[in-house]
Amino acid sequence: MFEEASEVFDNMFKSSFPLTFIVFIPAVLILVSPLPTEAAHEFTVYRMQQYDLQGQPYGTRNAILNTEARTVEAEVLSRRCVIMRLVDFSYERYQKALRQSAGAVVIILPKNMSTMPQDIVQQFMELEPEMLATETIVPVYFALEDDELLSIYTQTLTTSSSQGSSSAAEVLIHTATANGFQMVTSGAQSKAVSDWAITSLEWLSYGADSNGSGVSMLLELARLFSRLYTYKRTHAGYNLLFFVSGGGKFNYQGTKRWLEDNLDHTDSSLLQDNVAFVLCLDTLGNGDSLHLHVSKPPKEGTTQYALLKELETVISSQYPEVKFSMVHKKINLADDTLAWEHERFGIRRLPAFTLSHLNSHREAQRSSIMDVRSVSPSSRHGVGEPPAGPYVDLRKLSRNTKLIAESLARVIYNLTEKGAPGDLQIFTEQMQVQEEQLSSMVDWLTAQPRAAQLVDKDSSVVSTLEYHLGHYLKDVRRHYVKADKRDPEFVFYDQLKQTMNAYRVKPAIFDLLLAVCIAAYLGVIYLAIQHFGVLYSVVRRITAPKTKQH
């Protein structure tokens, strides 16, 4: 029987090539055609902060992602990577992803923040503290947009939106034919960083105005006063100590431990002498207002009161466009975090203030990823609309630097009691504030992320600042802060920066439909073989050449 069937097949395929094409070629195409699973795009993502502060966990607690992409428009987000653009972000949509136990959330940020509407930027900045304060298992990533990433978002949006179609058949067909994306991170699960040190030589903040502007101003003040202190005849009766602290975003841990080491664990320290006052510089790169934040109003006759009066004198005489005020807020030890850095000094009975153009410590831009080095047309040329969100206006940063320098000089040289007029300017001509240097410093500080987890003791940020300060100051020292291993006040975690791959794949329903088609095809072939005689006679009748009748 098998020999006869083989002879029949052999004769059929030799005599009729179309039958060979019809029977075998479709099977070969279906069985050997590969699924499109090449890598569509590789891009860098930044995971939302993860740290423990005084035993309280903050931020996202996961760092692994290997799941299919969806946009928030999809009805089912469980175990899916939810992609959303900043322009479409809202707290309700973010909570929807968390409630449905999404696999991850990726927020796409524009490359140029100045193109974003002001209301969208302000809304996101107000939501950031709440996002960080809420402990979540879902990993949250941020990525800068590019053409390929936006293309992935557009295709994913089309796939997610189709799930709301009225016809189930339309949904099935579209789902089977659409391209999907599998989002995979290359990193491992986050773990606590052991023996991590906060370096108190630089405020390890992320933003430009908060507090890249304060660091830039401090470096410029160090340059200006170093020139006055070079000669004995211009050396004032006060010693100046420039302290650039680390860990400001982590409840000023660098300042706290530096004070402990200098007040509690040493026999001789500059701080044990008579400290006139401590002036902290925070967010001074914009605005036409200046606020002196205090925990305790200064008493008349003290050096602190003299600084307050000199600030008022310089502003009223030289900068009438600036609105100055003193903001009094008592230290609330019941809060998880302090409001301003001067409160760390106030707790240790050291008179301190914070100067800022912000009226309240609750301003969202103090801890926002929107606080980047936006190029403001008005900051360079005096024309154009300012960009959305926080930014540094170089003219105002330079003005505030000179204002503070003049006020400090009047205090340490006691110029008011010596009868010097309020409009007397000390820092002029060769001693004037260098706006170009301020600009270069702000650009450099904001060219790289400066989160405490990303900056170690060998970081170029710390080394460069130490080198810069060494030009103007006699004794520059680093101070390292490590958490107590037995009862750590702060714990940092790694995997903040990762590489994410987007693989172009077909959805699972496509595999199911393909399997059904293959099964149907094999079933037809099986029936054809079982009833080969009938099929052969039908095919021969159709393909047989017609004879002409005479």
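Under the annotation held in an unreviewed UniProt entry, the protein chain carries the name BOS complex subunit NCLN and is attributed to Salvelinus namaycush. Under the UniProt heading Subcellular location (unreviewed entry), the entry covering the protein chain gives this text: "Endoplasmic reticulum membrane".

(A) Focus on the sheet that holds strand 11 (residues 289-294). With mixed pairing, the four strands of this open sheet are ordered in space as 10-13-11-12. Each of the sheet's edge strands pairs with one partner strand only, and the pair in question is strand 10 (278-281) and strand 12 (323-328). For this sheet the average axis-to-axis angle between neighbouring strands, irrespective of direction, equals 25 degrees. Strands strand 10, strand 11, strand 12 and strand 13 (352-356) of the sheet are contacted by helix 9 (residues 303-318), whose axis makes an angle of about 155 degrees with strand 12.

(B) Inspection of the pattern of salt bridges at higher detail. If you walk through the whole model with that rule in mind, you get 19 salt bridges. Taking the shortest distance from any N to any O, the salt bridge between R257 and E260 comes out at 3.6 Å. Placement of both R257 and E260 in helix 8 (residues 253-263) is noted, with a separation of three residues, approximately one turn of the helix. K402 serves as the salt-bridge partner of E406, at 3.1 Å between the closest nitrogen and oxygen. Of this pair, E406 and K402 both sit in helix 12 (residues 394-412), four residues apart, which is roughly one turn of that helix. Here the residues in one salt-bridge network are D288, E321, K396 and R399, joined through shared partners.

(C) Seen up close, a nonpolar patch on the surface. Together, V534, V538 and I542 make up a nonpolar patch on the protein surface, roughly 280 Å² of accessible area in all. Locating V534 in the fold gives a position in helix 16 (residues 532-543).

(D) Examining the sheet that holds strand 15 (residues 490-492) more closely. Spatial strand order, 3-2-15: three strands in an open sheet with antiparallel pairing. Looking at the sheet topology across the chains shown, the edges are occupied by strand 3 (56-59) and strand 15. Taking each pair of neighbouring strands and ignoring which way they run, the sheet shows an average axis angle of 20 degrees. Alignment of strand 2 (residues 50-53) against strand 15, held across three bridges, turns out to be antiparallel. The residue bridging D52 from the neighbouring strand is V491, located in strand 15.

(E) Looking closely at the packing of helix 7 (residues 212-228) against helix 14 (residues 460-470). Close contact between helix 7 and helix 14 brings their axes to 10 Å; oriented N to C, the two are set at 25 degrees. In terms of orientation, helix 7 and helix 14 fall into the roughly parallel class. Mapping the contact onto sequence places V215, L219 and A222 in helix 7 and L465, H468 and L469 in helix 14. Considered class by class, the residues forming the contact of helix 7 with helix 14 number five nonpolar, one polar and no charged.

(F) Structural context of the packing of aromatic side chains. Summed over the entire model, instances satisfying the criterion amount to ten aromatic pairs. Here F124 and F142 contribute two aromatic rings whose centre-to-centre distance is 6.3 Å and whose plane-to-plane angle is 85 degrees, an arrangement assigned as edge-to-face. Linking F124 in helix 4 (residues 118-133) with F142 in strand 7 (residues 140-144), this pair joins segments that are 18 residues apart in sequence. In this pair, the class of F124 matches that of F142, namely buried. Note on F250 and F492: the rings are 4.8 Å apart at their centroids and 55 degrees apart in plane angle, and the pair reads as tilted. Linking F250 in the loop between helix 7 and helix 8 with F492 in strand 15, this pair joins segments that are 242 residues apart in sequence. Residues F250 and F492 agree in their burial class; the two are buried. Here the aromatic cluster, defined as three or more aromatic residues joined through ring pairs, consists of F89, Y91, Y94, F124 and F142. Directly above the aromatic system of W340 lies the positively charged group of R366, at a separation of 4.1 Å from the ring centroid.

(G) Quick peek at empty space enclosed by the protein. Evaluation of the coordinates by the stated rule reveals three cavities of 30 Å³ or more. Space inside the second largest cavity adds up to approximately 40 Å³. Y91, Y94, Q95, L98, E130, M131, T134 and T136 together form the lining of the second largest cavity. Looking at the lining of the second largest cavity, the elements with two or more residues in it are helix 3 (91-99) and helix 4. With four residues, helix 3 is the single largest residue contributor to the lining of the second largest cavity.

(H) How the structure looks around the nonpolar core. Ranked by internal contacts, the top residues of the largest apolar core, which has 54 residues, are F225, L403 and I404. Excluding anything up to four places from it in sequence, I404 contacts M217, L221, L279, L281, L284 and L355. With 28 residues, the next largest nonpolar core counts M84, A102, I120 and F124 among its residues.

(I) Geometry of the packing of helix 9 against helix 12. Remark: helix 9 packs on helix 12, axes separated minimally by 9 Å, with the N-to-C direction vectors making an angle of 130 degrees. In terms of orientation, helix 9 lies oblique with respect to helix 12. The two elements helix 9 and helix 12 meet at a crossing, and its hand is right-handed. Across from T303, A306, L307, E310, L311, T313, V314, I315 and Q318 in helix 9, the residues of helix 12 making contact are K402, L403, E406, S407, L408, R410 and V411. Per-class residue counts for the contact of helix 9 with helix 12 are eight nonpolar, four polar and four charged.

(J) Local environment of the confidence of the model for the protein chain. Considering every residue of the protein chain, the mean pLDDT works out to 81; 79% of them sit at 70 or more. Here helix 11 (residues 377-381) is the element of the protein chain with the lowest mean pLDDT, 41, and strand 11 is the one with the highest, 97. Confidence drops under a pLDDT of 50 for residues 15-21, and excluding neighbours within four residues, the segment shows seven contacts in the predicted structure. Here residues 30-37 scores under 50 on pLDDT; set against residues more than four positions off or in separate chains, the count is twelve contacts.

Basis of the calculations
- Residues numbered from 1 in each chain as written.
- Predicted model: local features only at pLDDT ≥ 70, side-chain atom pairs only at ≥ 80, totals over all residues.
- Heavy atoms only, no water.
- UniProt positions renumbered as here; feature names shortened; annotations may be inferred.
- Pairing = 2+ DSSP bridges.
- Helix = DSSP H or I, 4+ residues; strand = E, 2+ residues; numbered from the N terminus.
- Axes fitted to C-alpha atoms, helices over the stretch in contact; angles between N-to-C directions.
- Contact = heavy atoms within 4.5 Å.
- Salt bridge = Lys/Arg side-chain N within 4 Å of Asp/Glu carboxyl O.
- Patch = residues over 30% accessible without salt bridge, like charges linked within 9 Å, V, L, I, M, F, W, Y side chains within 5 Å.
- Areas by Shrake-Rupley, 256 points an atom, 1.4 Å probe, with all protein chains shown as cover.
- Parallel < 35°, antiparallel > 145°, perpendicular 65-115°, else oblique.
- Nonpolar A, V, L, I, M, F, W, Y, C, P; charged D, E, K, R; others polar.
- Phe/Tyr/Trp six-rings, centres within 6.5 Å; stacked < 30°, edge-to-face > 60°.
- Buried < 20%, exposed > 50% of the residue type's maximum accessible area, 1.4 Å probe, protein only.
- Lys NZ or Arg CZ within 6 Å of the ring centre and 35° of its normal.
- 1 Å grid on protein atoms, 1.4 Å probe; cavity = no way out; pocket = protein on both sides within 12 Å on 5 of 7 lines; lining within 4 Å.
- Points joined across faces, edges and corners; volume = space filled by probe spheres on them.
- Core = buried A, V, L, I, M, F, W, Y, C linked by side-chain atoms within 4.5 Å.
- Left-handed = near helix turned anticlockwise from the far one by under 90°.
- pLDDT = per-residue confidence, 0-100.

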